[in-house]
Amino acid sequence: MHFNRLYPIHAISLTLMALLLVAPTAAGVFEFAGGTNSVDVITHPTGYDGTGRKLIVTVGISPASAHAGDMEIPVQNAINTWNRLVPTIANVMTTGSNVPSDHFDFESVALHELGHCMGLAHPNLASESGLAGSDKNYTAATRGDNNVFDLDRGADGIIGSSDDIRGDDVNLHWFFKGVNNPFLLPEVIDKTTYSRDLNDLPAGHRYAVNGDRDVSKLFNIEKTEVVMQQGIQAGESQRALAADDVATLRLGMSGVDMIAGTPDDYTVELQYLGITENAHIVLALDDKVDLSVCKIVGNHINNDENHIAIQSGEISFNPGILWFFNQELTVAQSIPYVAISVNDRADSTLLRQGDNLVLRVALDPGVRNGNLADYWVKAMTPMGTFWLNDQLQFIASDTPISVYGGALMNIPSFTFFDSTTQDLPLGTYSVTFAVDDNRDQIYNATFKHAVIFTISP
Ligand SMILES: [Ca+2]
Ligand SMILES: [Ca+2]
Ligand SMILES: [Ca+2]
Ligand SMILES: [Ca+2]
């Protein structure tokens, strides 16, 4: 079977207004960073003027667009995904996705383009670098003094990981200081925890890691890719955010002082207005682009060279592509509600060897109360994949082992692991709690939630 790999691209339009920005050719984690602008540029959503507030960014679908009606549900789903701002893993879905193998998933691409329209750029070098093939997956950077991209994938053979040798290329990717794992989040996200400066990398790391799907495997995480990473294949979906998508938007939300918890912080909510041109961001299927593009216009905030606010966004999709329009409206919270926590955090945490580790699950079956289901707890670890069995022991197995089969029931909180990490190997672990909508001993993971933690010396 033949799969095309097409790349959503973005471009930045020029305007004649004196304060507005010209188009850079390089892009990083934030739009407008690099090129003719400062590499430290943080780009903020429409409406931010340097004072703390809740930004409402409106989204509409062009009435002139082909498939305008078909776009309504996937656009609302993508808006809802950004508004929830929940980090996930295993967000690259091929099997288990409802996208036909020869179609491109409109919802996934709309999610990516809405990220551009809020100021997020590609974390990888992407097609705007002019590079070919997998070289586009190196971490976003400028060419540096020698004016060429220095590309060496390092000893692990994986492009975009911590051992890449990048010469004088100036890193544009904001990373978790001292951690450099784009699938993990600290509680506070601002300049005290995130940096572009390679001196803030952990000892032994050479470059900022970007959240590429091949890189996720190095962290014992199921196929996961940052939504803002460029590139989607036919037949797959990426409808949920990864940690670095959340981190980058929240870094911007720490405001112009880049300190969380001060008066210049903002929150942002995308608001769907329906089929109308009268919105900050308007989507259309027209014939202007290869796959898709978000054209944005930005303006410096109070003449600050490092802070730019987007004025408006225009998202174009190529009508010649075979698009799949998902017609399942996702609700604000998944039903049933499935949750796992690590030391009472819902996303991720950092542990020292010897710290205590507590893993808990919760389940609210909602309207599915009593339906038969398989229950699973899967741990991907530095020693391989483990499954919690019905004796609540982790068993190493490449074949799924269920922890329980029976009716969906209300579980307010259940602790299945509470122990020291003294004897656990160093590295990154991900643990997924999943329930199915059937009881057949086959791992479907219809509803799931995962947490990630690291153990360091
Ligand atoms: Ca590498
Ligand atoms: Ca260079
Ligand atoms: Ca602030
Ligand atoms: Ca099953």
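Everything that follows concerns the structure shown earlier in this document.
Residue positions are given per chain, counting from 1 as you read along its sequence in written order. Following the order in which they are written, the chains are lettered starting with A and the ligands numbered starting with 1. Selection of residues for local features in this predicted model requires a pLDDT of at least 70, selection of side-chain atom pairs for listing and counting requires 80 or more, and totals for whole chains, interfaces and linings are taken over all residues.

Draft legend 1. Region of the structure containing the overall build of the protein chain. Across its full length, the protein chain holds four helices and 25 strands. Taken over the C-alpha trace, the protein chain has a radius of gyration of 22 Å; the compact-globule value for 457 residues is 23 Å, and the two agree within 12%. Its C-alpha atoms give the protein chain principal-axis dimensions of about 70 × 50 × 50 Å. The burial criterion counts other C-beta atoms lying within 10 Å of a residue's C-beta, which is placed from the backbone; the residue is buried at 20 or more, exposed at 12 or fewer, and partly exposed between these limits. Counting over 457 residues, the protein chain shows a buried share of 46%. Any pair of residues counts as being in contact when their C-beta atoms, constructed from backbone geometry, are within 7 Å of one another. Considering only contacts in the protein chain between residues 6 or more positions apart, those separated by 24 or more positions represent 73%. Runs of H or I in DSSP of at least four residues are treated as helices and runs of E of at least two as strands, each being numbered from the N terminus. Note on method: radius of gyration uses C-alpha positions; expected globular size equals 2.2 Å times residues raised to 0.38.

Draft legend 2. Spatial organisation of the pairing of strand β4 (residues 53-61). DSSP bridges decide pairing: two strands pair if at least two such bridges lie between them. With nine bridges joining them, β4 and strand β11 (residues 266-275) adopt parallel strand pairing. Opposite Leu55, over in β11, you have Val268 as the bridge partner. Where β4 and strand β12 (residues 281-285) come together, three bridges link them in parallel fashion. Paired with Gly60 across the strands is Val282, a residue of β12.

Draft legend 3. Seen up close, unusual backbone geometry. The backbone of Met258 sits at a positive phi, close to 55 degrees, despite the residue not being glycine. The exposure class assigned to Met258 is partly exposed, which follows from the 19 C-beta atoms found within 10 Å. Unusually for a residue other than glycine, Leu392 sits at a positive phi of about 60 degrees. Its location among the elements puts Leu392 in the loop between β20 (384-388) and β21 (394-396). For Leu392, a count of 13 C-beta atoms within 10 Å puts it in the partly exposed group.

Draft legend 4. Representation of the sheet that holds strand β16 (residues 337-342) in the model. Sheet architecture is open: three strands sit in the order β16-β18-β23, paired in antiparallel fashion. Strands at the two margins of the open sheet, each flanked by one partner only, are β16 and β23 (411-420). Averaged over neighbouring strand pairs, the angle between their axes works out to 10 degrees when direction is ignored. When strand β18 (residues 356-364) meets β23, the two strands line up antiparallel, connected through seven bridges. Residue pairing for β23: Val358 is matched across the bridge by Asp418. Lines fitted to the C-alpha atoms define the axes, with helices restricted to the stretch that makes contact. Angles between their N-to-C directions range from 0 to 180 degrees.

Draft legend 5. Up close: helix α1 (residues 68-84). To estimate the expected span of a helix, count its residues, drop one, and scale the result by 1.5 Å. Between its first and last C-alpha atoms α1 spans 24 Å; for 17 residues at 1.5 Å apiece the expected length is 24 Å, and the two agree. Fitting axes to the seven residues that end at a residue and to the seven that start at it, the angle between those axes gives the bend at that residue. Of all the bends in α1, the greatest, near 25 degrees, is centred on Pro74. For α1, the complete set of buried residues consists of Met71, Pro74, Val75, Asn77, Ala78, Ile79, Thr81 and Trp82. The elements touched by buried residues of α1 are β4, α2 (106-117), β11 and β12.

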